[in-house]
Amino acid sequence: MALSLAALAGFIVGAVAVLYYRHQIEPPRRVEDDGDAEAGALPHGVASVLAVLPSSAVVLDARDRVLRASSAARAFGLVKGERLMAAELLALARQVRRDGEIRESEIDVAGHKFGQESTSFAVRVAPLGSHGQVLVLAEDQTEHRRVEAVRRDFVANVSHELKTPVGALSLLAETIQDASDDPEAVDRFASRMQHEAARLTYLVQDLITLSRIQGAEPIPTPGQVSIDEAVGDAIDHCNTKAVAKDIVLVTGGTEGLRAWGDDELLVTALRNLISNAIAYSPEHTRVVVSVRPAGDSVEISVSDQGIGIPEDALERIFERFFRVDAARSRATGGTGLGLAIVKHVANAHAGEVSVWSKEGSGSTFTLRLPAFGGTAVAVPPPSPLEAVK
Ligand code: ADP
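Everything in this summary refers to the structure shown in the same document. Since the model is a prediction, treat every value here as computed from it, not as a measurement.

## Things to note about the overall build of the protein
Alright, step 1. Scanning the protein for helices and strands turns up 10 helices and 16 strands.
Alright, step 2. Of all 389 residues assigned to the protein, the portion counted as buried reaches 38%.
Alright, step 3. By sequence separation, contacts in the protein at least 24 residues apart represent 66% of the contacts at least 6 residues apart.
Alright, step 4. With the model as given, the accessible surface of the protein reaches about 22,200 Å², and the carbon-plus-sulfur share is 56%.

In structure tokens, the structure reads:
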């Protein structure tokens, strides 16, 4: 009896040792990734098709194990080892396997790393071959959704901005009708109508400019732009506003510099910066427009002694329709699009715009543009500051 027990124990130990040995030398079933030469149990040709698809692709076998996964599918956390991680997607794959019908859906997959945001996917799940395999294709929708949200916001903002002056015009027209026998009142309301109509015109003009520079073509007619002329044109345009507030417009720095770009767009950008400098400054102050060469760029800065911008708003002022003080912006005829236009003009020229500001002290906006010919060269020598007004 003792002998047979010892034999049994010996047999069990032996069997366990054999099993352990086998497990050691037999590699676990391999999950194939992009770049693997063999397609494993995949139907012929599928691996090569999956390799050229831009979407994240996963093939499941009949027991929901991952047979193949693209690197994108792993990077997004859709697949870990042999498992499809999104429960919703797995349920969809099972349904497809059961009835053989192709399905499409939108799913959100939680970020697989700490602090990572979830990703939205448009997924398409289809049966593959006759052995219960299922193909999952997932397209990252995050960027698409973000762009959609920005577009929706923009349309809502534009509608709101248009509604205000249009509503005011309609009310004023009614009031004028009622006051038809009072010439003084008619005169007063008619000039307010003109004011609202002008506001509408500025808004529409800014919207057209913005849509032009946001289009596919970066710069419509690029060429050599004289900075002196662009600054001069912009200043001429803003002079009346400056005179009305007794603000002195001063130019300075290096003359004769040339940038590469579109003169009309550059004048628009400079005009927006100078007109903001005037609008957000008290009377009897100075606005200085200064030009200097900076290696392969030309820098134009517009400095004012105005109200300045709070630190927490500095990051947002280039957003469309962002205003530190909406009432003040509207009172000065602002559309909320001026700086967004400046930013897009800078981007379209492969340049940049930056801002320094201190509340109560003033602001300096600097526009950096590529120099014509690759290097900023001043034709005439630098000139001292020159008062324009
Ligand atoms: P707006 O038409 O309202 O002036 P912008 O896009 O030109 O629109 O500017 C956005 C906001 O940035 C303004 O509403 C204002 O609050 C702030 N801002 C712009 N330029 C200046 C400046 N030079 N000084 C102070 N605040 C400014």
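## A closer look at the site of the ligand
Alright, step 1. Taken together, 19 residues lie near the ligand, and N276, Y280, S329, T335 and G336 sit nearest.
Alright, step 2. Separating an oxygen atom of the ligand from a backbone N or O atom of T335 is a distance of 2.8 Å.
Alright, step 3. The protein chains hide 97% of the 530 Å² of surface that the ligand would expose on its own.
Alright, step 4. Structurally, the ligand is housed in the largest pocket.
Alright, step 5. Sorting the residues of the shell around the ligand by element identifies α8 (263-279), α10 (338-348) and β15 (362-370) as the ones contributing at least two each.
Alright, step 6. Split into classes, the residues belonging to the shell around the ligand amount to 9 nonpolar, 8 polar and 2 charged.

## Here we look at the nonpolar core
Alright, step 1. Among the nonpolar cores identified, the biggest contains 52 residues, and I274 and I300 are the most heavily contacted of them.
Alright, step 2. Among the secondary structure elements, those contributing two or more residues to this core are α6 (183-214), α7 (227-244), α8, β12 (286-294), β13 (297-304), α10 and β15.
Alright, step 3. The greatest single-element share of this core, amounting to 9 residues, is contributed by α8.
Alright, step 4. Those residues in contact with I274 that lie beyond four places of it in its chain are A234, I235, C238, L249, V289 and V302.
Alright, step 5. Core analysis: the second largest hydrophobic core is formed by 22 residues, L60, A93, V96 and V123 among them.

## Some points on the pattern of salt bridges
Alright, step 1. Within this structure, the stated rule accounts for 15 salt bridges.
Alright, step 2. Here R316 ties to E319 by a salt bridge, and the two come within 2.9 Å at their closest N and O atoms.
Alright, step 3. The class of E319 is partly exposed, set by a relative accessible area of 34%.
Alright, step 4. By sharing partners, the salt bridges in this structure join D64, R94 and R97 into a single network.

## A short note on the environment of S105
Alright, step 1. Among the structural elements, S105 can be located in strand β6 (residues 103-109).
Alright, step 2. Note: C-alpha distance between S105 and E88 (17 residues apart in sequence) is 9.8 Å.
Alright, step 3. Discounting residues that sit within four places of it in the chain, S105 has contacts with L92, F121, A122 and V123.

## Thoughts on empty space enclosed by the protein
Leftover empty space is mapped by rolling, across the atoms, a probe with the size of a water molecule.
Alright, step 1. For the coordinates displayed, the defined rule picks out 1 cavity of 30 Å³ or more.
Alright, step 2. Quantified by volume, the largest cavity comes out at close to 70 Å³.
Alright, step 3. Residue assignment for the lining of the largest cavity shows that the elements contributing at least two residues are α5 (142-178) and α6.
Alright, step 4. The greatest single-element share of the lining of the largest cavity, amounting to 3 residues, is contributed by α6.
Alright, step 5. Class assignment of the residues belonging to the lining of the largest cavity gives a composition of 3 nonpolar, 3 polar and 4 charged.
Alright, step 6. There are two domains that each give the lining of the largest cavity at least three residues, and those are domain 2 (143-213) and domain 3 (218-389).

Rules used throughout
Residues numbered from 1 in each chain as written. Predicted model: local features only at pLDDT ≥ 70, side-chain atom pairs only at ≥ 80, totals over all residues. Heavy atoms only, no water. Helix = DSSP H or I, 4+ residues; strand = E, 2+ residues; numbered from the N terminus. Buried < 20%, exposed > 50% of the residue type's maximum accessible area, 1.4 Å probe, protein only. Contact = heavy atoms within 4.5 Å. Areas by Shrake-Rupley, 256 points an atom, 1.4 Å probe, with all protein chains shown as cover. Near = heavy atom within 4 Å. Polar contact = N/O pair within 3.5 Å; in protein donor to acceptor, adjacent residues only side chain to side chain. 1 Å grid on protein atoms, 1.4 Å probe; cavity = no way out; pocket = protein on both sides within 12 Å on 5 of 7 lines; lining within 4 Å. Sits in = over half its atoms within 2 Å of the grid points. Nonpolar A, V, L, I, M, F, W, Y, C, P; charged D, E, K, R; others polar. Core = buried A, V, L, I, M, F, W, Y, C linked by side-chain atoms within 4.5 Å. Salt bridge = Lys/Arg side-chain N within 4 Å of Asp/Glu carboxyl O. Points joined across faces, edges and corners; volume = space filled by probe spheres on them. Domains from an automatic or database assignment.

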